[in-house]
Amino acid sequence: MLKLLPLLTVLAMLGPVIAGLWGTVLPAFGHLPAAGLLGPTLDPFRALLHWPGVTEASRLSVVTGLGATILSLGIVAVFMAGWSGTRTFRLFERLLSPVLSVPHAAAAFGLAFLIAPSGWIARLASPGLTGWDRPPDLLILQDPGGLALIAGLVVKEVPFLLLMSLVALGQAQPKQSLLVAQSLGYRRSTGWLKTVFPRIYRQIRLPVFVVLAYSMSVVDVALILGPTTPPTLSVQIVNWMGDPDLAMRLTGAAAALWQFALVLLALGLWWLGERLVARAGRAWIAAGSRGRGEGALRGAALVLGAVSALSVLVGLISLAVWSVAGFWSFPDIFPQGWSARTWARHGPPALQTMGETFVVAGAAMALALLLVLGCLESEHRSGRRLTHRGLWLLYLPLLVPQTAFLPGLQTLLLSIGADTGRAPVIFAHLVFVLPYVFLSLGDPWRAWDRRYATVAHALGATPWRVFCQVRLPTLLRPILTATAVGLAVSVGQYLPTLLIGGGRVSTLTTEAVALASGGDRRAIGVYGLMQTLAALIPFALALLLPTLLWRNRRGLHG
Amino acid sequence: MKYLALLAALALPGPALANPDPADWDAVLTEADGQTVFWNAWGGSTTTNDFIAWVGERVAQDYGVTLEHVKLTDTADAVTRVLSERQAGENEDGAIDLIWINGANFAAMKEADLLFGPFAEHLPNWALVDTDGKTVQTDFTVPVEGYEAPWAMAQVVFMYDTADVPESLTSMPALLDWARANPGRFTYPQPPDFLGATFLKQALVDLLEDPSVLQDPVSEETYSGVTGPLWAFLDELTPLLWREGRAYPASGPAQLQLMADDEIDLAISFSPGEATAAIANFQLPETVRTFVLEKGTIGNASFVAIPYNSGSKAGAMVVANFLMSPEAQARAQDPEVLGYGTVLDMDALTAEDRATFDALDLGVATLSPEDLGAVQAEPHPSWMTRITNDWVDRYGSGP
């Protein structure tokens, strides 16, 4: 049974992706028997090319994806180079978990209100500094260049990449390298970038690819911050998939394949860029410059890191203020009055939706934990480690754009009549929850001191007893952390819930994004906060529970 | 013989047998008790969502019907859903029991035989509906024939902030003049949003000498001639819009936020009472008022329809009937709640019910029925589809 679990895990993770892609390929070539359409034909691709927005939408997809990834990685690199190991850095580490658990949509709402021409920053400076008694007519949000969208992605991807880098840092022996570099006269940032960063980058390469693929095809953030004339390719795919005219569904499928091709193209470009940067980097290292402009770089790194973290946190505060605001116009910094009405009105239904959100997240998480623990235990007993190729397999569902396979999966599920209700949504969430749980639990699991097991075996315990009574309790903290990660991933899912749930399953994320089209900031405030809470509570519990349970077992606080 | 009848019954369990008969209302009520109705309605307006939640409480109390609001971002999603279900052979218990619908979506569903009915004119409260004075038997020129039940009347009004716009505007050319003097202070929801498309139709109706040509379906010969003035108008207006027409609000309520933020001074609405309701909810400044154009503005009715494959048709009819009740209609007209126009004939009501309506304070920003003036007919749905598509190609797809 245990031996079957790895196979089951791969099936649960890749089955829906492959099935969904198949369900996309067929209609993309005009084959949709349910609608009486038989392919193959290239008409859907012709229709896609005929859409006047195709060039612009494709450009947006590539530019926002590459832009967000380069910026996020750049900020993480210079920030770690300048500050890792300092007290400032530890402060940021403490902020990491809360910022990381803020769902993308909530962070985007908060950011939107901060940077809009009528937003908080403009209000702070108006009319005193700017002379604006009316908001200026500036295209900051939804700009056709996608800059607001890039910003919205960067503030969420920086903490993600920072976390991944911190994990990698543990294996890179940064202190020794930096010490040697500094003793050779290198300044801090330069030394770090030359000696530590190359090793860290090798470890976080796959997460960087995930960020690239995700940023290129994100839907919820693009709906909130992205341009609309035309929208990004992914938003347009979702529009086509929802059109009553079935021919549009074919165009949508063709566009989904095109989106997939664009992601592959961008990954290829990135791969080329890696080669170029590596060559230039080697020359830079060999040149032996000890670093100039160090102070400016460190300062800029700190400002960038702080702005990125603060815009999420202050954005959340603005959501909280809106949720209790009376009338609030430009250029007032705070509302004219306060009112509990929004909470009285939206609180109860939001709480109910939170219940549904946790049911879905809990079920997906329970399944994921069962599969992952099974895989890891099977790996432990058979002595076979996860290979590099296996790691790619884990990342695959995160690298295929959601818009490429979810619409196809929806069509397939519909044609076998299994489309409504919670169960399919839970399995769709599982696809995304599994890799994250696996990745966050894998390392602590393998790092566990096997001598405990040997001792237990010597005392006559069966493998299962060792698993249940020794391994699980000692690894309680990482297991709970992985659970919190998995729950947060599930809470934040928009497209799988929307498409696979067919509107019947509503979570805090789908409700919040639906409200975004109505622009009622008070209601968005309530749902955005509840959404953040839903992701944050598990993290808090993961921190608190081991301390409470093992308060008399100091060695288990790990 | 008995066996034969049984065999026949087993062999022919056609969907027609399972459908409730709206003419036998007691049977409908019995069947509805305990059913769950999934009402797919646009979910972008918090006031509407609250009203639907209230309807849910009331039908649960009185009829034992559980109402679930499925919040759509676009009604077309629901149409797609029913279509896909039919293709997948789901003819018995589809995901949707009731849809808030009108116009092109209704025309498409009726044409494709995706609707249950006729039922609307058999509902008990139909007797109270004003069939003479209000356009409840045609929907965008398409005959309704009992396939959808009306529940609210809507008419285009413009909301304007009197702090910035001294007096109301009388026509679309006057709006263009005002925009020239005040660039960046007006916008409309981005088509294909329903209200955005309505702005385009309203502009066309107002710009044409004789809008009656819009009552017939689009014909290829006349299309470019008829819509020429509209595109000329928009070509001039677009660079004068908020953000120079390079970004648009996503929906009607998103305009309210822009007005509250003082980013725009003028916005279109399809609900004469919306401004008053929004002021009460802190969503608009207290200085906002409404106006209609001199030649009148477009009006229509909102309906609910039942998909042919709903598994809770009886429950859905009970909800549709409740929506037409004086109690629900008076609540919908209350500007503190929704501010929607009623579909009922005041003369058909009991004195007590009429008094409820008379007691309603329509609010500071709501025009009285007389001030709302003449109602212009909705064009045939093919115009909306065609104009919207052309708008997206011209203005919604980048440079």
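Rules used in this analysis
Residues numbered from 1 in each chain as written. Chains lettered and ligands numbered in written order. Predicted model: local features only at pLDDT ≥ 70, side-chain atom pairs only at ≥ 80, totals over all residues. Helix = DSSP H or I, 4+ residues; strand = E, 2+ residues; numbered from the N terminus. Rg over C-alpha atoms; globule rule 2.2 N^0.38 Å. Buried ≥ 20, exposed ≤ 12 C-beta atoms within 10 Å, placed from the backbone. Contact = placed C-beta atoms within 7 Å. Axes fitted to C-alpha atoms, helices over the stretch in contact; angles between N-to-C directions. Parallel < 35°, antiparallel > 145°, perpendicular 65-115°, else oblique. Left-handed = near helix turned anticlockwise from the far one by under 90°. Nonpolar A, V, L, I, M, F, W, Y, C, P; charged D, E, K, R; others polar. Pairing = 2+ DSSP bridges. Right-handed = clockwise from strand over helix to strand, strands pointing away. Domains from an automatic or database assignment. pLDDT = per-residue confidence, 0-100. Bend = angle between axes of the 7 residues up to and from the residue.

Of the regular secondary structure elements, chain B holds 15 helices and eleven strands. Computed over its C-alpha atoms, the radius of gyration of chain B comes to 22 Å, within 12% of the 21 Å expected for a compact globule of 399 residues. Principal-axis analysis of the C-alpha atoms gives chain B an extent of 85 × 50 × 35 Å. Taken over 399 residues, chain B has a buried fraction of 55%. If you take every contact in chain B between residues at least 6 apart in sequence, the share linking residues at least 24 apart comes to 82%.

Each helix and strand counted, chain A has 24 helices and zero strands in total. Since a compact globule built from 558 residues should have a radius of gyration of about 24 Å, the 25 Å found for chain A is in line with a globular shape. When each of the 558 residues of chain A is scored for burial, the buried share is 51%. Long-range pairs, those at least 24 residues apart, make up 80% of the contacts in chain A between residues at least 6 apart in sequence.

Below, the discussion takes up the packing of helix H1 (residues 4-28) of chain A against helix H13 (residues 246-287) of chain A. All names here are of chain A. Closest axis-to-axis distance for the H1/H13 pair is 8 Å, and the angle between their directions is 120 degrees. One way to sum up the angle between H1 and H13 is to call them oblique. Here H1 and H13 pass one another in a crossing that is left-handed. Contacts between H1 and H13 involve Thr24, Val25, Pro27 and Ala28 on the former and, on the latter, Arg249, Leu250, Ala253, Ala254, Ala256 and Leu257.

Turning next to the interface of chain A and chain B. Contacts between the two partners involve 42 residues from chain A and, on the opposite side, 51 residues from chain B. Counting only elements with at least two residues in the side of chain A that touches chain B, the list comes to helix H17 (402-415) and helix H24 (521-549) of chain A. In the side of chain A that touches chain B, the residues fall into 16 nonpolar, 18 polar and eight charged.

Within a regular strand, side chains alternate between the sheet's two faces. Residues and elements named next belong to chain B. The element strand E2 (residues 66-72) is extensively covered by neighbouring structure, given that five of its seven residues are classed as buried. Of the pairings in the sheet, the one linking strand E1 (residues 36-42) to E2 comprises seven bridges and is parallel in character. If you follow Thr36 over to E2, its bridge partner there is Thr66. Between E1 and its parallel partner E2, the chain crosses via helix H4 (residues 46-63), and the hand of that crossover is right-handed.

Residue and element names in this part refer to chain B. Strands sit in the order E8-E7-E9 across an open sheet of three strands; the sheet is antiparallel. Unpaired on one side and paired on the other, strand E8 (266-269) and strand E9 (288-291) mark the two borders of the sheet. Neighbour-to-neighbour, the strand axes of the sheet open up by a mean angle of 30 degrees, direction not taken into account. Across four bridges, the pairing between strand E7 (residues 157-161) and E9 is antiparallel. Across the sheet, the residue bridging to Met159 is Thr290, located in E9. With respect to the sheet, helix H10 (residues 252-260) is in contact with E7, E8 and E9, its orientation differing from that of E8 by roughly 155 degrees.

Time to look at the domain arrangement of chain A. Residues and elements named next belong to chain A. Segmentation of chain A into domains returns domain 1 (1-23 + 347-550) and domain 2 (71-228 + 267-340). One C-alpha centre belongs to domain 1, the other to domain 2, and the line joining them spans 26 Å. Across the boundary between the two partners, domain 1 contributes 29 residues, which contact 27 residues of domain 2. Counting only elements with at least two residues in the side of domain 1 that touches domain 2, the list comes to helix H16 (388-399), H17, helix H21 (476-492), helix H23 (508-516) and H24. Here the side of domain 1 that touches domain 2 gets twelve residues from one element, more than from any other, and that element is H24. Here the residues of the side of domain 1 that touches domain 2 are counted per class, giving 18 nonpolar, eight polar and three charged.

Turning our attention to the domain arrangement of chain B. Residue and element names in this part refer to chain B. Here chain B is described as being made up of domain 1 (14-151 + 302-358) and domain 2 (157-299 + 374-395). On the domain 2 side, the residues contacting the 15 residues of domain 1 number 15 residues. Of the residues assigned to the side of domain 1 that touches domain 2, the class counts are seven nonpolar, seven polar and one charged.

A few words now on the packing of H21(A) against H24(A). Residues and elements named next belong to chain A. Across the interface, H21 lies against H24 with an axial gap of 9 Å and an inter-helix angle of 175 degrees. Compared by their axis directions, H21 and H24 come out roughly antiparallel. Only Gln531, Ala534, Ala535, Pro538, Phe539, Ala542, Leu545, Pro546 and Leu549 of H24 make contact with H21, whose side of the interface consists of Leu476, Arg477, Leu480, Thr481, Thr483, Ala484, Leu487, Ala488, Val491 and Gly492. Residues of the contact of H21 with H24, tallied by class, amount to 14 nonpolar, four polar and one charged.

What follows is about the confidence of the model for chain B. In the predicted model, chain B carries a mean pLDDT of 89, and 95% of its residues have values of at least 70. Across the predicted assembly, pTM comes out at 0.86 and ipTM at 0.84.

Bringing helix H4 (residues 87-101) of chain A into the picture now. Roughly 35 degrees is the biggest bend found in H4(A), and it falls at Leu95(A), with proline Pro98(A) one to four residues downstream. Buried residues of H4(A): Phe92(A), Val99(A) and Ser101(A), and no others.

Next up on the list: the environment of Gly383(A). All names here are of chain A. With respect to the secondary-structure elements, Gly383 resides in the loop between helix H15 (341-382) and H16. Owing to 6 C-beta atoms within 10 Å, Gly383 belongs among the exposed residues under this scheme. Note: C-alpha distance between Gly383 and Arg290 (93 residues apart in sequence) is 46 Å.

Moving on, we come to unusual backbone geometry. Going from Ser126(A) to Pro127(A), the amide bond is cis rather than trans, its omega being -10 degrees. Position of Pro127(A) relative to the elements: it lies in the loop between helix H6 (120-125) and helix H7 (147-169). Here the amide bond leading from Thr229(A) into Pro230(A) is cis, since omega sits at 0 degrees, within 30 degrees of zero. Along the chain, Pro230(A) turns up in the loop between helix H11 (220-225) and helix H12 (233-241). One non-glycine residue, Glu145(B), lies in the positive phi region at around 50 degrees. Structurally, the position occupied by Glu145(B) is in the loop between strand E5 (142-143) and strand E6 (149-155).

Close inspection of predicted coordinates is inappropriate in any region flagged by low pLDDT. Of all residues in chain A, 97% have pLDDT values of 70 or greater, and the mean over the chain is 89. When mean pLDDT is compared element by element in chain A, helix H3 (residues 54-83) of chain A scores highest at 95, while H17(A) scores lowest at 83.

All names here are of chain B. Looking at the element boundaries, Gly299 is found in strand E10 (residues 297-305). For the pair Gly299 and Val375, spaced 76 residues apart in the sequence, the C-alpha separation amounts to 5.6 Å. With near-sequence residues (within four places) excluded, Gly299 lies in contact with Met153, Ala154, Gln155, Val375 and Gln376.

Once that is clear, we can look at the pairing of strand E3 (residues 98-101) of chain B. Residue and element names in this part refer to chain B. By the alternation rule, side chains of E3 split into Leu98 and Trp100 and Ile99 and Ile101, which are all buried. Of the strand pairs in this sheet, E1 and E3 are connected by two bridges, and their pairing is parallel. Within E3, the residue paired with Asn40 across the bridge is Ile99. With three bridges connecting them, E3 and E10 associate as antiparallel partners. The residue of E10 that forms the bridge with Trp100 is Val304.

Moving on, we come to the environment of Val235(A). Along the chain, Val235(A) turns up in helix H12. Spatially, the C-alpha atoms of Val235(A) and Pro435(A) are 25 Å apart, while their sequence positions differ by 200 residues.

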